[in-house]
Amino acid sequence: MPSSASGAPDKNAAPPLPEPLRVPVADSHTHLDMQSGTVEEGLAKAASVGATTVVQVGCDVKGSRWAAETAAAYDAVHATVALHPNEAPRIVLGDPDGWSRQGARVPGGEAALDEALAEIDALAALPHVKGVGETGLDFFRTGPEGKEAQERSFRAHIEMAKRHGKALVIHDRDAHADVLRVLEEEGAPDRTVFHCYSGDADMAAVCARAGYFMSFAGNMTFKNAQPLRDALAVAPLELVLVETDAPFLTPVPYRGRPNAPYLIPVTVRAMAAVRGIDEDTLATSISANTARAFGY
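It should be emphasised that the depicted structure is a prediction, and the values quoted were computed from it without experimental measurement.

The rules behind these values
- Residues numbered from 1 in each chain as written.
- Predicted model: local features only at pLDDT ≥ 70, side-chain atom pairs only at ≥ 80, totals over all residues.
- Heavy atoms only, no water.
- Buried < 20%, exposed > 50% of the residue type's maximum accessible area, 1.4 Å probe, protein only.
- Helix = DSSP H or I, 4+ residues; strand = E, 2+ residues; numbered from the N terminus.
- Pairing = 2+ DSSP bridges.
- Right-handed = clockwise from strand over helix to strand, strands pointing away.
- Axes fitted to C-alpha atoms, helices over the stretch in contact; angles between N-to-C directions.
- Parallel < 35°, antiparallel > 145°, perpendicular 65-115°, else oblique.
- Contact = heavy atoms within 4.5 Å.
- Salt bridge = Lys/Arg side-chain N within 4 Å of Asp/Glu carboxyl O.
- Expected span 1.5 Å × (residues − 1).
- Polar contact = N/O pair within 3.5 Å; in protein donor to acceptor, adjacent residues only side chain to side chain.

K.L.:
Help me out: how do you make sense of the pairing of strand E2 (residues 51-57) in this one?
P.N.:
Successive residues of a regular strand alternate their side chains across the two faces of the sheet. With respect to burial, E2 is a largely interior element, 6 of its 7 residues being buried. Across 4 bridges, the pairing between strand E1 (residues 25-30) and E2 is parallel. Directly across from Thr 30, in E2, lies its bridge partner Gln 56. Between the parallel pair E1 and E2, the chain is carried across by helix H1 (residues 39-48), and the sense of this crossover is right-handed.

Quick look at the structure:
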């Protein structure tokens, strides 16, 4: 493990390659554009340990364009396109702090949101774009003033996914009841994926009844994540996916260091332990589920 000058482990150092999976799986949610190194390097490293397919997720217009272009260029990459739940309020109300990747922005109002949604809609029609997302609701980072823009954007994305026959990829942070309410009111697409599933076992039962896929990330390995492990324990195996959400949510024992698709085996093994099944059985199921969810 690389060390800093003080001799302590370097928190920015990439974790080592895990033991390869015997049965290849897909990383159902990653952000290659936010990771270090080239796309080629990232894909090669992932494939070397059995993460042979990745779903590259768009969070804004620029990132969604990049996701679509990257999926067109690489067979191992599928794209989803969307305005992230936190992006919609920034477009409408502005972003004086410049927290997002675009930096500080002036308010654009409803017309600017319509314009951005139209661009996402055009990208969603492309054949190598397999999903609309990540969309949904996030009450952690967006306050009450942004809720209206978030919900309007979410509803527009649901309609888009259904019209184009694409998967819907949901970001749900501190908003479980409202996300489920909007899905029920609008009518969910045939294939709906809760990315980085964050609910408990009770919510997993609700998702299972509705046929929603639940994708688990590295945070299910965190010490305080027992509710996630409880949810994974009861989720129907045919609705379970795995993801990195890289560069975020790096699994234990590498928490806090940069995440990437090549670390998928760490999470798969932790998930198999929770389910009490061998990793090959879980990987076989995850592989089939992800292809079914995204229609590739």
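K.L.:
Just checking my understanding: could you explain the packing of helix H2 (residues 61-73) against helix H4 (residues 109-124) for this structure?
P.N.:
When two helices pack together, their arrangement is given by the angle between the helix axes and the distance between those axes. Relative to each other, H2 and H4 sit at 10°, their axes nearing to 10 Å. It follows that H2 is roughly parallel to H4 by the angle criterion. Across the interface between the two elements, Val 61, Ser 64, Arg 65 and Ala 68 from H2 touch Ala 116, Glu 119, Ile 120 and Leu 123 from H4.

K.L.:
Would you mind showing me how to read the pattern of salt bridges here?
P.N.:
Close approach of charged atoms lets side chains of opposite charge pair. According to the stated counting rule, one finds 16 salt bridges in the structure shown. With its nearest N and O atoms 2.5 Å apart, the salt bridge here joins Arg 155 to Glu 185. One end of the pair, Arg 155, is in helix H5 (residues 147-164); the other, Glu 185, is in helix H6 (residues 176-186), and 30 residues separate them in sequence. Glu 185 gets classed as partly exposed once you look at its relative accessible area, which sits at 48%.

K.L.:
Looking at this structure, I do not really get the sheet that holds strand E5 (residues 167-173). What am I missing?
P.N.:
Hydrogen bonds along the backbone pair up the strands of a sheet, which may run parallel or antiparallel. Pairing within the open sheet is parallel, and its 8 strands lie in the order E1-E2-E3-E4-E5-E6-E7-E8. Since the sheet does not close on itself, it has two edges, and those belong to E1 and strand E8 (240-242), each with one partner. Ignoring which end each strand starts from, the neighbouring axes of this sheet average 30° apart. Of the pairings in the sheet, the one linking strand E7 (residues 213-216) to E8 comprises 3 bridges and is parallel in character. Each bridged residue has a counterpart across the sheet, and for Ser 215 the counterpart in E8 is Leu 241. Contacts from helix H10 (residues 279-294) reach E1, E2, strand E3 (77-81), strand E4 (129-138), E5, strand E6 (192-194), E7 and E8 within the one sheet, and its direction differs from that of E8 by about 95°.

K.L.:
In this structure, what is going on with H2? I would like to understand it.
P.N.:
Each α-helix turn comprises 3.6 residues. Residues three or four places apart therefore point the same way. Here H2 is 13 residues long and its end C-alpha atoms lie 19 Å apart, about the 18 Å a rise of 1.5 Å per residue gives. Of the positions making up H2, those classed as buried are Val 61, Gly 63, Ser 64, Ala 67, Ala 68, Thr 70 and Ala 71. The elements touched by buried residues of H2 are H1, E2, E3, H4 and E4. Residue Asp 60 occupies the N-cap position of H2, its side-chain oxygen lying 3.4 Å from the main-chain nitrogen of Lys 62.

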